[in-house]
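A look at the structure
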Amino acid sequence: PNKQHSHIEMRRFALTKLRDFGMGKRACEDKIIEECQHLIEVFKKFKGEAFDTTQSINCAVSNIICSIVYGSRFEYNDPEFTSLVDRTNRLIRLSGSPSIQMYEMFPSILKWTADRNEGFKLVAANKMQNLAFFRRLKETLNPQMCRGIVDAFLVRKQNLEESGITKSHFHDENLLITAMNLFAAGTETTSTTLRWGLLLMAKYPKIQDEVQEELRRVIGDRQVQVADRKNLPFTDAVIHEIQRLSSIIPTALPHKTTRDITFQGHFIEKGTTVFPLLTSVLHDPSEWERPHSFYPAHFLDKEKKFVKRDAFIPFSAGRRICLGESLARMELFLFFTTLLQHFRFTPAPGVSEDELDLTPVVSITLSPSLYKLCAVSQM
Ligand code: HEM
């Protein structure tokens, strides 16, 4: 129960603070727009030659979380930052590796695997890096002006201690876990979705044409803003369809049943670990006309207006729904539209659209296999 209380309090804290530090707000929109400009500069440097977008997209997306958590962004060539990004990326790959998954299921049989060993080292290095960031933030802490979630946590801890409360959930270990979880949860997911998006645009150039035509007609050369979404129904439908088809978190997170329950004729005892299979809904043939194709019309009505669909649950549903949903949606919309305004995405020379492979790399998330694209400047 203590662990559960701790989780509930930390979830509440993280959610309030995510909101305080901009989730769904104008300040956050401005941060994302600023980051789009940095990402565009990086893409431009390749001058239309094929490259792997993973590293730069990871950095751009991580920077949004860094602004919210630590209160500042990093340069893409800052080694403290890139090593944190790369290690988190590697950790997510590892955590879905067959040996680690076996370990999760049968911990007593498989006490030690090489992957688990590497995982420990990566976590330890990320902890050290975070502790160094925290030390710097502590030195310059100003309770009147919190720069990010870490500051807010430290101030809350100080206040509790000053009023004589020493046994709270606001201790260093929880700060570390909160910062690292937000970083891991907020980076890989959004950047993987964006990489699926660019790959799908290169594979289906006619759909890319339609997105770019809509952007030119509705926005022109100016910067896209969140408020424009309602006037971009086709683009909005494409982004939803990217998330639906890629279904990047196929098994959500494990949950425990809080009571005995009978589900679809099966009795499940209280306290059983269950994995809600999001893909079974996102690709349900009774919900979607073309469950396994890239078909943006899933989200358009006859007048080509955007329509919401109940079976669209890439962020899961219920009390444990993704904490960062509104931030993620803002990021996906702004990064995707701004990139498509600036670039035409095509397969590497000598590769046809048909040859672009949509087979996912299976881990905790489903990400695109390594690919290179050309980003041809349009502006
Ligand atoms: C496209 C992007 C994203 C997708 C598809 C996604 C999806 C999900 C899913 C499916 C879960 C599991 C929900 C469940 O257990 O039923 C989850 C949990 C979570 N997500 Fe996201 N997410 C995304 C982006 C983000 C971002 C940007 C943040 C950053 C703040 C974030 C923070 C979290 C956290 C903290 C949890 C755990 C919540 C809890 O355990 O109570 N996510 N997300």
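Model, not experiment: these values are computed from the prediction.

Section: the overall build of the protein
On a plain count of helices and strands, the protein comes out with 12 helices and 8 strands. The C-alpha atoms of the protein give a radius of gyration of 22 Å, which matches the 21 Å a tight globule of 379 residues would have.

Focus on the site of the ligand
Every one of the 24 residues lining the ligand counts as a neighbour, but Gly 186, Thr 189, Ser 316, Cys 322 and Gly 324 are closest to it. Within the residue set of the shell around the ligand, elements represented by two or more residues are helix 1 (2-20), helix 8 (172-203) and helix 12 (325-342). Considering each element in turn, the shell around the ligand owes the most residues, 7 residues, to helix 8. When the residues that make up the shell around the ligand are grouped by side-chain class, the tally is 15 nonpolar, 7 polar and 2 charged.

A look at the nonpolar core
Counting 61 residues, the largest nonpolar core has Val 69, Phe 335 and Phe 336 as the members making the most contacts within it. Ranked by the residues each element gives to this core, the list is headed by helix 8, at 11 residues. Contacts of Val 69, omitting those with residues within four sequence positions, involve Gly 148, Ile 149, Val 150, Ala 179, Leu 182 and Phe 183.

Examining unusual backbone geometry
One non-glycine residue with positive phi stands out, namely Ser 247, at about 40°. With respect to the element layout, Ser 247 can be found in the loop between helix 10 (233-246) and strand 1 (255-256). Among the residues examined, Ser 247 registers 20 C-beta atoms within 10 Å and is labelled buried. The phi torsion at Lys 304 lies on the positive side, around 65°, for a residue other than glycine. Take Lys 304: there are 10 C-beta atoms within 10 Å of it, and that puts it in the exposed class.

Some words on the UniProt feature "binding site: heme" (unreviewed entry) in the protein
If you check UniProt for "binding site: heme" (unreviewed entry), the listed places come out as Cys 322 in our numbering. Along the polypeptide, Cys 322 turns up in the loop between helix 11 (278-282) and helix 12. With 20 C-beta atoms counted inside 10 Å, the residue Cys 322 sits in the buried group. In this structure, Cys 322 is in contact with Phe 315 and Ser 316, ignoring residues within four places of it in sequence.

Description of the pairing of strand 5 (residues 343-347)
With burial as the criterion, only one face of strand 5 is covered, namely that bearing Phe 343, Phe 345 and Pro 347; the residues Arg 344 and Thr 346 on the opposite face remain uncovered. By the bridge criterion, 5 bridges tie strand 5 to strand 8 (residues 373-377) in an arrangement that is antiparallel. Pairing of Arg 344 across the sheet is with Val 376, part of strand 8.

Here's the deal with the confidence of the model for the protein
In regions of low pLDDT, the predicted coordinates are not meant to be interpreted in detail. In the predicted model, the protein carries a mean pLDDT of 89, and the fraction of residues at 70 or more is 92%. Complex prediction metrics read pTM 0.91 and ipTM 0.98.

A look at the packing of helix 9 (residues 205-218) against helix 12
Packing of helix 9 against helix 12 brings their axes to within 10 Å, and their N-to-C directions diverge by 90°. One finds that helix 9 runs roughly perpendicular with respect to helix 12. Of the residues in helix 12, those in contact with Val 211, Gln 212 and Leu 215 of helix 9 are Thr 337, Leu 340 and Gln 341.

Side note on the packing of helix 3 (residues 54-69) against helix 8
At their nearest, the axes of helix 3 and helix 8 sit 9 Å apart, and the two run at 140° to each other. Considering how the two elements wind past one another, helix 3 and helix 8 form a crossing that is right-handed. Here Thr 54, Ile 57, Asn 58, Val 61, Ser 62, Ile 65 and Val 69 of helix 3 lie close against helix 8, whose contacting residues are Ala 179, Leu 182, Phe 183, Gly 186, Thr 187, Thr 190, Ser 191, Leu 194 and Arg 195. Grouping the constituent residues of the contact of helix 3 with helix 8 by class yields 8 nonpolar, 7 polar and 1 charged.

Regarding helix 9
Compared with an ideal rise of 1.5 Å per residue, which puts 14 residues at 20 Å, helix 9 spans 20 Å between its outermost C-alpha atoms and is within 8% of the ideal. Positive phi shows up at Gly 220, right after helix 9, with a value of about 75°.

Parameters and conventions
Residues numbered from 1 in each chain as written. Predicted model: local features only at pLDDT ≥ 70, side-chain atom pairs only at ≥ 80, totals over all residues. Helix = DSSP H or I, 4+ residues; strand = E, 2+ residues; numbered from the N terminus. Rg over C-alpha atoms; globule rule 2.2 N^0.38 Å. Near = placed C-beta within 6 Å. Nonpolar A, V, L, I, M, F, W, Y, C, P; charged D, E, K, R; others polar. Core = buried A, V, L, I, M, F, W, Y, C linked by C-beta atoms within 7 Å. Buried ≥ 20, exposed ≤ 12 C-beta atoms within 10 Å, placed from the backbone. Contact = placed C-beta atoms within 7 Å. UniProt positions renumbered as here; feature names shortened; annotations may be inferred. Pairing = 2+ DSSP bridges. pLDDT = per-residue confidence, 0-100. Axes fitted to C-alpha atoms, helices over the stretch in contact; angles between N-to-C directions. Parallel < 35°, antiparallel > 145°, perpendicular 65-115°, else oblique. Left-handed = near helix turned anticlockwise from the far one by under 90°. Expected span 1.5 Å × (residues − 1).

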